[in-house]
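Commentary on secondary and tertiary structure
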Amino acid sequence: MGFSINAGLLDAMVLSIVQNNDTYGYEITQYLRRAVDISESTLYPVLRRLQKGELLETYDKEYMGRNRRYYRITEKGKDTLEEYREEWQNHKRKVDSILMNEGAEDNEQT
Amino acid sequence: MNRLEFLAKMRNTLEKGGLPEDDIKDALSYYEEVFLDAEEGNGAETMGDPESIARDILMEAGIHADGDAQLPPEEIKPESYSSGSTGTAHYSESSAPKKSGSNMLLKLILIVLTFPIWMPVLIVVVVLLFVVIVVVLALVFSFLAAGIAALLGGIRLLFEAPFSGMMMAGGGLVITGLFVLIAGPVLKKFVPATINIFRNIIDRIGDEFRNGGRKNG
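So, here is what we can say about the structure in this document.

With that settled, the discussion passes to the pairing of strand E2 (residues 56-63) of chain A. Residues and elements named next belong to chain A. The sheet contact formed by E2 and strand E3 (residues 66-73) spans eight bridges and is antiparallel. By the bridge assignment, Glu62 is partnered in E3 with Asn67. Counting the residues in the hairpin turn of E2 and E3 gives two residues, including Met64, whose phi is positive at 50°.

What follows is the structure, given as structure tokens:
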């Protein structure tokens, strides 16, 4: 991935992953890695931020004799995720209108 | 690097950065869980460097990586998710340190709260000074009293045992003379010095308060 992912986009993606299924930190990272190149140190602050913003809540579940912290999306988180999705659609359209068209024009010029 | 080494390095860096204990525990329990999950999955080598992870956490908390706390952790604002009509999330950066005009008040509260610590110390110092003064005065006056008593006793003894009496009276004279020679000047300096010490202590306490008030006024 040559494009950087900003904090807002990362928040949106995490919210979306958690909305599909309650899940835990490692699994969220694995999902995210399908799309973006992130390290372990990237996700923790994101999760903290979403928790503090009350977009995510946590509960603990036992797994193989140890604890696993699961994340669940809140109502506020769902609303925010919808806003993120709309915003992303707008953003994508605008970027596409420039990136795809201009890319074609440039090719014609050369 | 095994899990315990990894977590120990993280804790070390977080503690140096002055992160609150609750936040440290939260971070460590998260990374312990992820570490264990990673070991079951594709291996822990993807975990990265514990110290740089810890530094990222400190930075997120508004603490410089070199360990200087920019803000006391409790002043960090939780990020607000004010989503406008555009749906963009605005992250409020942690604000610059607040100017506290209540510094003087805090100082006073601190002084009152630390009362159990400084009160006994103050009492001990005052008592010690008092003891020194009393001991010096007692020594001086016992010296004088001994001298005079020896002189008088010697004179009385002169009639019964002339030689012993002469010696005793002579001793008394020597002691009294020494008192006049030594104790007189010493006392003259000792009394004003004692008064000065007390005056200095009181002045310094007063200055401290006045300066504190001026700095924050």
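Next, the rest of the story.
With that settled, the discussion passes to helix H3 (residues 50-60) of chain B. Taken together, the buried positions of H3(B) are Pro50(B), Ile53(B), Ala54(B), Ile57(B) and Leu58(B). Angular distribution of buried residues about the axis of H3(B) spans 140°; they occupy a single face of the element. Packed against the buried residues of H3(B) are helix H3 (40-52) of chain A together with helix H1 (3-16) and helix H2 (21-40) of chain B. Gly62(B) sits one or two residues past H3(B) and shows a positive phi near 85°.

Let us look at the side chain of Thr13(B). All names here are of chain B. Within the secondary structure, Thr13 sits in helix H1. With relative accessibility at 14%, the residue Thr13 sits in the buried group. Apart from residues no more than four positions distant in its own chain, Thr13 is found in contact with Glu51, Ala54, Arg55 and Leu58.

The next thing to look at is the packing of aromatic side chains. Scanning the entire structure with this criterion turns up seven aromatic pairs over all chains. Here Tyr44(A) and Tyr31(B) contribute two aromatic rings whose centre-to-centre distance is 5.5 Å and whose plane-to-plane angle is 55°, an arrangement assigned as tilted. Taken as a pair, Tyr44(A) in helix H3 and Tyr31(B) in helix H2 lie in two separate chains rather than in one. Residue classification places Tyr31(B) among the buried positions, given a relative accessible area of 0%. Measuring from centroid to centroid gives 5.1 Å for Phe6(B) and Phe35(B), while their planes differ by 55°, and the two rings are tilted. Placement of the pair is Phe6(B) in helix H1 and Phe35(B) in helix H2, with a sequence separation of 29 residues.

Once that is clear, we can look at the packing of helix H1 (residues 7-20) of chain A against helix H2 (residues 25-35) of chain A. All names here are of chain A. Where H1 meets H2, the axes come as close as 10 Å, and the angle between the chain directions of the two elements is 120°. Taken together, the axes of H1 and H2 lie oblique to each other. At the point where H1 passes H2, the crossing takes the right-handed sense. Contact with H1, carried on its side by Leu10, Met13, Val14, Ile17 and Val18, involves Ile28, Tyr31, Leu32 and Ala35 of H2 and no other residues of that element. Here the residues of the contact of H1 with H2 sort into nine nonpolar, no polar and no charged.

Rules behind the numbers
Residues numbered from 1 in each chain as written. Chains lettered and ligands numbered in written order. Predicted model: local features only at pLDDT ≥ 70, side-chain atom pairs only at ≥ 80, totals over all residues. Heavy atoms only, no water. Pairing = 2+ DSSP bridges. Helix = DSSP H or I, 4+ residues; strand = E, 2+ residues; numbered from the N terminus. Buried < 20%, exposed > 50% of the residue type's maximum accessible area, 1.4 Å probe, protein only. Arc of directions from axis to C-beta. Contact = heavy atoms within 4.5 Å. Phe/Tyr/Trp six-rings, centres within 6.5 Å; stacked < 30°, edge-to-face > 60°. Axes fitted to C-alpha atoms, helices over the stretch in contact; angles between N-to-C directions. Parallel < 35°, antiparallel > 145°, perpendicular 65-115°, else oblique. Left-handed = near helix turned anticlockwise from the far one by under 90°. Nonpolar A, V, L, I, M, F, W, Y, C, P; charged D, E, K, R; others polar.

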